[in-house]
Amino acid sequence: MTRPFNFSPGPATLPPEVLQQAADEMLDWQGCGMSVMEMSHRGPEFLSILTQARDAVRELLSVPPEFQILFMQGGGLAENAIVPMNLLGATRADQAVNFVLTGSWSQKSYKEAQRYGAVHVAASNQASQQTTLPPPSEWALSPQAAYVHICSNETIDGVEFQELPDLLSLGCDAPLVVDISSHMASRPIDWARVGLAFGGAQKNVGTAGVTLVFVHESLLGYALPICPSAFNLQTVAQNASMYNTPPTYAIYIAGLVFKWLNQQTHNGLVGLAAVEARNIEKAQLLYDCIDHTPFYENKVDPSCRSRMNVPFFLRDARLNDHFLAEAKAAGLLQLKGHKSVGGMRASLYNAMPVAGVQALVNHMQDFAQRHG
Ligand code: PMP
């Protein structure tokens, strides 16, 4: 069976091998007579699934031992409240949370944090209409900020940090909080620069329903009294993500994806290095097509273009519906841009093969030739 290529921004395409394994194990997981959906989360079968998923993501992303890996619920949006509720009880937190605003998702985080404490905008790319990233050397950071929040890949605007900021070298010793929702496990993370990172699984590493939180142990234990126990990171960590019933099936699928990612090879590379190299290749292929075909345009500065989410516009917006209909007929799905931006958006997450991007490029060139 050949499947179409699915460019959805999330929930998004999954590796066919993972879907096939889930299908094979649907009625009876490894001979135990139960589906993963039917198991007690406290039984030995699910405990082994959870442990394997946690170990596989630690290996994949080289997560240091001083970071807890939590499997939570509520998605990235719930983390916008969970993070301030958990960090603003620290003594340093009489200072404002510093936000770097680079697009729709960091704006959302900023608005939500205001419900829990003082906030300060350290930098913004609003003047460029979200097509650049403000250089860290120009951020107006409070030296004693409660924490500094960035969204390292803006899913809607298509801007991505190619490197995480080194706050210490900028004279700020606050923890860095990073929303990695839309490029998790697509590239390595420099953990020395991170205090907490979070993201839902449904783009790069699985299905909706589970949120990954990577938190440095030194940040646990400072929750505000209003923080619900089920969202208290220390409580979740002490209970190994089993304080309440975790999203068992979503964790199972994420575990299969982590295993798949660890096994990837590309040009002699293995695991995350292979995944990253393939992501670079895919993004290059699509941006080259856009930049060399006057029929299309991407407005983001090349220095901060996202490898994962590529918004692009047809010069003649009246052809948008026609482009989408022909793309769908050619087996290229979910390319419509976000309603706030318009145009098209191709999301090239980990499970999108190079062949999928090549098929998109072929369609774009063919369409441009016929309508240009
Ligand atoms: N942050 C980013 C960067 C996102 O792309 C998204 C979802 N598109 C969210 C946060 C919100 O995640 P969720 O829908 O899982 O709450």
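Residues numbered from 1 in each chain as written. Predicted model: local features only at pLDDT ≥ 70, side-chain atom pairs only at ≥ 80, totals over all residues. Heavy atoms only, no water.

Now for the nonpolar core. Counting residues in hydrophobic clusters, the biggest one holds 62 residues, and the most contacted among them are Leu61, Trp191 and Phe214. Of all the elements, helix 6 (residues 248–262) adds the most residues to this core, at 10 residues. Discounting chain neighbours no more than four positions away, the residues touching tryptophan 191 are Leu61, Ser62, Val63, Pro64, Phe67, Ala197 and Phe214. Of all hydrophobic cores here, the second largest spans 27 residues; its members include Leu319, Met352, Phe367 and Ala368. (Core = buried A, V, L, I, M, F, W, Y, C linked by side-chain atoms within 4.5 Å. Buried < 20%, exposed > 50% of the residue type's maximum accessible area, 1.4 Å probe, protein only. Helix = DSSP H or I, 4+ residues; strand = E, 2+ residues; numbered from the N terminus. Contact = heavy atoms within 4.5 Å.)

What follows covers the sheet that holds strand 14 (residues 309–314). Spatially, the 3 strands line up as an open sheet ordered 13-14-16, and their pairing is antiparallel. Both outer strands of the open sheet, strand 13 (296–297) and strand 16 (344–347), are each paired with one neighbouring strand and no more. When strand 14 meets strand 16, the two strands line up antiparallel, connected through 4 bridges. Counterpart to proline 311 in the pairing with strand 16 is arginine 345. (Pairing = 2+ DSSP bridges.)

Once that is clear, we can look at helix 8 (residues 320–329). Turning to helix 8, its buried residues number three or more, namely Asn320, Phe323, Leu324 and Ala327. The arc enclosing the buried residues of helix 8, seen along the axis, measures out at 95°, which places them on a common side. Along helix 8, the residues that are exposed and aim more than 90 degrees away from the buried face are Asp321 and Ala329. Along its buried surface, helix 8 packs onto strand 13, strand 14, strand 15 (332–333), strand 16 and helix 9 (354–371). (Arc of directions from axis to C-beta.)

On to unusual backbone geometry, then. Residue glycine 10 is joined to proline 11 through a cis peptide bond whose omega torsion reads -10°. With respect to the helices and strands, proline 11 occurs in the loop between strand 1 (5–6) and helix 1 (16–24). Residues other than glycine seldom take positive phi values, yet glutamine 30 does so here, at roughly 45°. Position of glutamine 30 among the secondary structure elements: in the loop between helix 1 and helix 2 (44–61).

Let's shift gears to the site of the ligand. Taken together, Gly75, Gly76, Leu77, Trp105, Cys151, Asn153, Thr155, Asp179, Ser181, Ser182, Gln202 and Lys203 form the complete shell of residues around the ligand. At 3.4 Å, a side-chain N or O of serine 181 approaches a nitrogen atom of the ligand. Here a nitrogen atom of the ligand sits 2.9 Å away from a polar atom, N or O, in the side chain of lysine 203. The protein chains hide 84% of the 390 Å² of surface that the ligand would expose on its own. If you tally residues by element for the shell around the ligand, the top one is helix 3 (residues 75–87), at 3 residues. Across the shell around the ligand, the residue classes tally to 3 nonpolar, 7 polar and 2 charged. (Near = heavy atom within 4 Å. Polar contact = N/O pair within 3.5 Å; in protein donor to acceptor, adjacent residues only side chain to side chain. Areas by Shrake-Rupley, 256 points an atom, 1.4 Å probe, with all protein chains shown as cover. Nonpolar A, V, L, I, M, F, W, Y, C, P; charged D, E, K, R; others polar.)

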